[in-house]
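Observations on the three-dimensional arrangement
As a plain string of letters, each chain reads:
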Amino acid sequence: YADVQELMDEFLTAYYGKAGKYIRKYIDKMHDELEASGSGLGIFGHPCDAQNTYLNPELMEQYDIWFDKAEKVVKKDSVILKRVKIARLPLLYAKIELATRLGTAEGGMYIRDDKGQWIVNPDIPNMAESLVGLANVQGVTRFKEWHTTPDEYLSSLKKSWSTDMQDHLALDKKIILTSPASKKYAGGNESLLTDGLRGPLLTWTYNWLGFEGFECEAVISFDEMTEIEYLSSSWLQDQRSWIFLPDKVSYYSSENGLDWTLISEIENTADQQKGGVHVLDFSAVLEESMKIKHLKLLTQSNITCPNWHPGAGGPAWIFIDEWIIR
């Protein structure tokens, strides 16, 4: 029978001191905006689910203003200041995840420098270092329900920063799939294979294309004969989620788009039973460069879960992102 609002104020004042009133504004605004939107909250929800509701750009800016004020009024009390900074961790995480998914769009992870080249928004690495440092201090052990330590999260981000938006011949090229990718993930949008953004290791529900129970066959065509010397595609394994690496990835060339010649085939040497989430690049460095007009990628996979797996006999998944050609 206690007054919930009164109890919230009592706790926030006792725990955050003068900063409590700003954190109360933050809590109330998120709650009210979500309620007004009519949207729900899911157990596996992602910040992007709320980018048009309680995590839209204007509100995110307002939340930052409140937290800046909260930190300022308690800056002389190291204990309470630390509590306020820890309360800000979910906001930092949301900002980084939103930027990751926005990619090169406004508010995204990448911006153009003075020379027109894509670079990481310098605010993001600083934010990520702060997020992970505070998470470790606070004793946060995982960023996902089953995996991903704070340090693994930072490592994954750094890998993306080192590989994303690198110029290559397939960048923004049209992809033709013989069989469409599942619309359950990334809407089955085949353009993700050549958008310059690598699918993250930690959240394979976006920027990865999934194929359930059948192979991936993809074709890229160039306007004219093009010299190549390197081919690579990234593949995912998370056998707990019924996602397996292909047994083999083969690359073919063609002059007319009808008759195909094998260029290279790469076999998987990784352990299919290994737990956790893993990414493997199936890469081919040609002995001699060659000129091509059409390229095809074709997998050979176990399209059903193996006998040792809890889902034995059920349809297995393969997940691909970013087909790189140089």
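Here the residue numbering is sequential within each chain, running from 1 through the sequence in written order. Only residues with pLDDT of at least 70 get local features here, since the model is predicted, and only at 80 or more are side-chain atom pairs given and counted; chain-wide, interface and lining totals rely on the full set of residues. Derived side-chain values reflect all non-hydrogen atoms in the structure, with water molecules and hydrogen atoms excluded from consideration.

1. Details of the overall build of the chain
Only DSSP runs of H or I with at least four residues qualify as helices, and only runs of E with at least two residues qualify as strands; both kinds are numbered from the N terminus onward. In terms of helices and strands, the chain carries seven helices and nine strands. Based on the C-alpha atoms only, the size of the chain along its principal axes is roughly 75 × 55 × 35 Å. For every residue, the accessible area (1.4 Å probe, protein chains only) is compared with the maximum for its type, and the residue is labelled buried under 20%, exposed over 50%, or partly exposed between those bounds. Buried residues in the chain amount to 46% of all 326 residues. Here a residue-residue contact requires only that any non-hydrogen atoms of the pair lie within 4.5 Å. A separation of at least 24 residues holds for 70% of the contacts in the chain among residues at least 6 apart in sequence. Accessible surface computed for the chain: about 17,500 Å², of which carbon and sulfur atoms make up 50%. The charge count treats Lys and Arg as positive and Asp and Glu as negative. His and the chain ends do not count. Where a charge lies is defined by one atom per residue type, namely NZ (Lys), CZ (Arg), CG (Asp) and CD (Glu). Counting 33 positive and 48 negative side-chain charges, the chain places the averaged centre of each group 7 Å from the other. The Shrake-Rupley method, run with a 1.4 Å probe, gives the accessible areas here. Residue values count only the displayed protein chains as cover.

2. Considerations on the pairing of strand β9 (residues 317-325)
The buried count for β9 comes to nine of nine residues, which makes it a mostly enclosed element. A pair of strands is labelled paired if DSSP reports no fewer than 2 bridges between them. Note: strand β4 (residues 209-212) against β9, four bridges, orientation antiparallel. Pairing of E212 across the sheet is with W317, part of β9. Bridge count for strand β5 (residues 217-237) against β9 is five bridges, and the pairing is antiparallel.

3. Examining the nonpolar core
Residues belong to one nonpolar core when they are buried, are Ala, Val, Leu, Ile, Met, Phe, Trp, Tyr or Cys, and are joined through side-chain atoms within 4.5 Å. Of all hydrophobic cores here, the largest spans 29 residues; its most connected members are W235, Y251, W323 and I325. Of all the secondary structure elements, the ones that give two or more residues to this core are β3 (175-177), β4, β5, β6 (248-254), β8 (278-300) and β9. Counting residues in each nonpolar core, the second largest holds 25 residues, with Y16, C48, L91 and L98 among its members.

4. Focus: unusual backbone geometry
Phi at W242 takes a positive value of approximately 70°, unusual for a residue other than glycine. With a phi angle near 55°, E322 is a residue other than glycine that sits in the positive phi range. Position of E322 among the secondary structure elements: in strand β9. Given the relative accessible area of 1%, E322 is considered buried.

5. Points about a nonpolar patch on the surface
Think of a patch as exposed residues, more than 30% relative accessible area, with no salt bridge, where like charges cluster within 9 Å and nonpolar side chains (Val, Leu, Ile, Met, Phe, Trp, Tyr) cluster within 5 Å. When a carboxyl oxygen of Asp or Glu is within 4 Å of a side-chain nitrogen of Lys or Arg, the pair counts as a salt bridge. A cluster of nonpolar residues, I43, F44 and W146, forms a patch on the protein surface that exposes about 420 Å² of accessible area. Note on placement: W146 falls in the loop between α6 (123-138) and α7 (150-163).

6. Some remarks on the packing of α6 against α7
In contact at an axis separation of 9 Å, α6 and α7 are set at 165° when each is read in the N-to-C sense. Classified by the interaxial angle, the pair formed by α6 and α7 is roughly antiparallel. In this structure, the crossing between α6 and α7 has a hand that is left-handed. Contacts between α6 and α7 involve I124, P125, A128, E129, L131, V132, A135 and N136 from the first element and P150, D151, Y153, L154, L157, K158 and W161 from the second. Side-chain classes follow a simple rule in which Ala, Val, Leu, Ile, Met, Phe, Trp, Tyr, Cys and Pro form the nonpolar group, Asp, Glu, Lys and Arg form the charged group, and the remainder, Gly included, forms the polar group. Its residues placed into classes, the contact of α6 with α7 shows 11 nonpolar, one polar and three charged. Comment: axis = line fitted to C-alpha atoms, over the contacting stretch for helices; angle = value between 0 and 180 degrees taken between N-to-C directions. Any angle from 65 to 115 degrees is called roughly perpendicular, while one under 35 is roughly parallel, one over 145 is roughly antiparallel, and all others are oblique. Put simply, a crossing is left-handed when the front helix is turned counterclockwise from the back one by less than a right angle, and right-handed when it is turned clockwise.

7. Things to note about the pattern of salt bridges
According to the stated counting rule, one finds 13 salt bridges in the structure shown. Taking the shortest distance from any N to any O, the salt bridge between D9 and R24 comes out at 2.8 Å. Of this pair, D9 sits in helix α1 (residues 4-16) while R24 sits in helix α2 (residues 20-37); the two residues are 15 residues apart in sequence, bridging distant segments of the chain. For R24, a relative accessible area of 11% puts it in the buried group. With a shortest N-O distance of 2.9 Å, R88 and D68 are connected by a salt bridge. Of this pair, R88 sits in the loop between α4 (78-87) and α5 (89-102) while D68 sits in helix α3 (residues 57-73), and the two are 20 residues apart along the sequence. Of the residues examined, D68 reaches a relative accessible area of 44% and is grouped as partly exposed.

8. Topic: the packing of aromatic side chains
Centres within 6.5 Å are what make two rings of Phe, Tyr or Trp a pair, Trp counting through its six-membered ring; a difference in plane orientation under 30 degrees is then read as stacked, over 60 as edge-to-face, and the rest as tilted. Counting across every chain of the model gives 15 aromatic pairs. Taking 5.2 Å as the distance between ring centres and 15° as the angle between the ring planes, the aromatic pair formed by F11 and Y15 counts as stacked. With F11 and Y15 both in helix α1 and four residues apart, the pair spans about one turn of that helix. Judged by centre distance (5.6 Å) and plane angle (40°), the ring pair of Y93 and Y153 falls under tilted. Taken together, the residues Y93 in helix α5 and Y153 in helix α7 connect sequence positions 60 residues apart. As far as the burial class goes, Y93 and Y153 line up, both buried. Throughout this description, the term charge over a ring refers to an Arg CZ or Lys NZ atom that lies within 6 Å of the ring centre and within 35 degrees of the ring normal. Of note, R83 hangs over the ring of Y15, and the distance from its end group to the ring centre comes to 4.2 Å.

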